[in-house]
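Overview (structure and organization)
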Amino acid sequence: MPKDQLAELTQPQRDRLAFIELRVRFVGEIRRQDLVARFGIQSAAATRDLALYKELSPGNIDYDPKGKAYVLGPDFRPIFDFPPERVLSWLTQGFGDGEPMRLKVWVASESPSRLTHPDLDVLASVTRAIHQECALAIDYYSISSGKSEREIVPFALIDNGLRWHVRAFDRKSQEFRDFVITRIKNPVVLKGQPVAAHEMSNQDIQWTRIVEIELVPHPDQPRPEITEMDYAMDRGVLTMKLRAATAGYILRQWSVDCSPDHSLRGHEYRLWLKDHLALYGVKNAVLAPGYRSPDSQNIMGKAD
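Residues numbered from 1 in each chain as written. Predicted model: local features only at pLDDT ≥ 70, side-chain atom pairs only at ≥ 80, totals over all residues. Heavy atoms only, no water.

Thoughts on the sheet that holds strand E6 (residues 164-170)
Strand order across the open sheet formed by five strands is E7-E6-E5-E4-E8, with antiparallel pairing between neighbours. At either end of the open sheet lies a strand with only one pairing partner, and these are strand E7 (175-180) and strand E8 (184-190). Strand-to-strand twist of the sheet, defined as the mean angle between neighbouring strand axes without regard to direction, takes the value 45 degrees. Each of strand E4 (135-142), strand E5 (146-159), E6 and E8 is contacted by helix H6 (residues 120-132), which is oriented at about 65 degrees to E5, the strand it contacts most. (Pairing = 2+ DSSP bridges. Helix = DSSP H or I, 4+ residues; strand = E, 2+ residues; numbered from the N terminus. Axes fitted to C-alpha atoms, helices over the stretch in contact; angles between N-to-C directions. Contact = heavy atoms within 4.5 Å.)

Below, the structure is given as structure tokens:
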């Protein structure tokens, strides 16, 4: 059994095999040079690691002579059990490549776990489509319209603090939208299918637009100097630059009062958006606490 054979290997060997599986499963391919660059080993050693992984898990990887890379096999079955948080950390922050194991804790700490995690097989299809710059066929479950079949062209993951989305062009609505990954079923990577220029990320206005906002201590909260300390403000102001596509999520997560007259009450509202007009034209600004669009724009019908 692979688990028993893995246990007989050294920890560095298991780390390299785990890296092979991560790359192939979530990116779709791996080359010897990826192992050489990541672990500082010789090319011959990388070749042995790839051969060993192939021996331990027949059908998981195939060699593509045209691309000179090992690619995801048709009968892939993971031999490592990665926690979703670690996979997402590796995908979005580029560290934590090794075998999943209980590391020694140097300082005691606690952080709340998420209530939901994306299915790793679904996530793998999404990230392979992103890496390979191709479309993805999915069954999607929307609160507004129920189940529908869609083709999307994904290009980025978004963490809104509560759940993970994928930013993608939706061929059904002909718009760029955020799709909740836990609502995606039966994904199929449409490799080799052309992607049109208007479906690319550089055509997503909400993604390419950068919004500069200024946050200040909430005028109705006591001791503003402590809020300034907590958020490392400079002269009483915290300046941030956000993508328009993520601004509403972040302001909601931080409980920023975005009303023009700082009218929200509650201990959670320690920050106030100094100029609510900075969010003008930001589609998901309706998610920001207290925000009211000057033209009362309502985009909730477009949210999936």
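As for the pairing of strand E9 (residues 210-217)
Here E9 runs beside strand E10 (residues 238-243); their pairing, made up of six bridges, is antiparallel. When the bridges of E10 are listed, Val211 appears paired with Leu242. In the sheet, E9 pairs with strand E12 (residues 271-273) via three bridges, with the strands oriented antiparallel. Bridge assignment links Leu215 to a residue of E12, and that residue is Leu273.

What about the packing of helix H2 (residues 11-26) against helix H3 (residues 32-39)?
The N-to-C vectors of H2 and H3 enclose an angle of 130 degrees; their axes lie 11 Å apart at closest approach. If you check the angle between H2 and H3, you find them oblique. Taken as a pair, H2 and H3 cross one another with a handedness that is right-handed. Across from Asp15, Arg16, Phe19, Ile20 and Arg23 in H2, the residues of H3 making contact are Asp34, Leu35, Arg38 and Phe39. (Parallel < 35°, antiparallel > 145°, perpendicular 65-115°, else oblique. Left-handed = near helix turned anticlockwise from the far one by under 90°.)

Describing the packing of aromatic side chains
Inspection of every chain in the model, using the stated rule, returns eight aromatic pairs. Ring centres of Phe80 and Phe82 lie 5.9 Å apart, and the angle between their planes is 45 degrees; this geometry places the pair in the tilted category. Both residues of the pair, Phe80 and Phe82, count as buried. Taking 4.9 Å as the distance between ring centres and 85 degrees as the angle between the ring planes, the aromatic pair formed by Tyr140 and Phe179 counts as edge-to-face. Of this pair, Tyr140 sits in strand E4 while Phe179 sits in strand E7, placing them 39 residues apart in sequence. Judged by relative accessible area, Phe179 falls into the buried class, the value being 0%. Aromatic ring contacts, followed pair by pair, group Phe155, Phe169, Phe176 and Trp207 into a single cluster. The ring of Phe39 has Arg38 lying over it, and the distance from NZ or CZ to the ring centre is 4.6 Å. (Phe/Tyr/Trp six-rings, centres within 6.5 Å; stacked < 30°, edge-to-face > 60°. Buried < 20%, exposed > 50% of the residue type's maximum accessible area, 1.4 Å probe, protein only. Lys NZ or Arg CZ within 6 Å of the ring centre and 35° of its normal.)

A few points about the sheet that holds strand E3 (residues 69-72)
Taken together, the three strands give an open sheet; going across it, the order is E1-E3-E2, and neighbouring strands pair in antiparallel fashion. Across the chains shown, the open sheet's two edge strands, defined by having one partner strand only, are strand E1 (29-30) and strand E2 (61-64). With four bridges joining them, E2 and E3 adopt antiparallel strand pairing. Pairing of Ile61 across the sheet is with Leu72, part of E3.

Focus: the packing of H3 against helix H4 (residues 43-56)
It is at 9 Å that the axes of H3 and H4 come closest, and there the two elements cross at 115 degrees. Crossing hand, H3 versus H4: right-handed. Between H3, through Arg32, Leu35 and Val36, and H4, the contact on the second element is made entirely by Ser43, Ala46, Thr47, Asp49 and Leu50. Here the contact of H3 with H4 is composed, by residue class, of four nonpolar, two polar and two charged. (Nonpolar A, V, L, I, M, F, W, Y, C, P; charged D, E, K, R; others polar.)

Considering the nonpolar core
Formed by 48 residues in total, the largest nonpolar core has its most connected members in Leu17, Ile20, Phe26, Ile30, Leu35, Leu123 and Leu157. Take this core: its biggest share by element is seven residues, from H2. Setting aside residues up to four positions removed in sequence, Ile20 forms contacts with Ile30, Leu35, Asp49, Leu50 and Tyr53. One finds Leu273, Leu279, Val282 and Ala285 within the second-largest nonpolar core, a separate group that totals 20 residues. (Core = buried A, V, L, I, M, F, W, Y, C linked by side-chain atoms within 4.5 Å.)

A few points about the side chain of Asn284
The topology assignment puts Asn284 in the segment after E12. Taking relative accessible area as the criterion, Asn284 reaches 10% and is therefore assigned buried. For Asn284, the side chain forms a polar contact with the main-chain oxygen of Ala245, separated by 2.7 Å. (Polar contact = N/O pair within 3.5 Å; in protein donor to acceptor, adjacent residues only side chain to side chain.)

Details of H6
A rise of 1.5 Å per residue sets the reference length of H6, with its 13 residues, at 18 Å; its end C-alpha atoms lie 18 Å apart and thus fit the reference within 8%. Taken as a whole, H6 has its buried residues at Leu120, Val122, Leu123, Ala124, Ser125, Val126, Thr127, Arg128 and Ala129. Of the residues flanking the start of H6, the one acting as N-cap is Asp119, its side-chain oxygen 3.0 Å from the backbone nitrogen of Asp121. Looking one or two places after H6, you find Glu133, whose phi comes out positive at around 55 degrees. (Expected span 1.5 Å × (residues − 1).)

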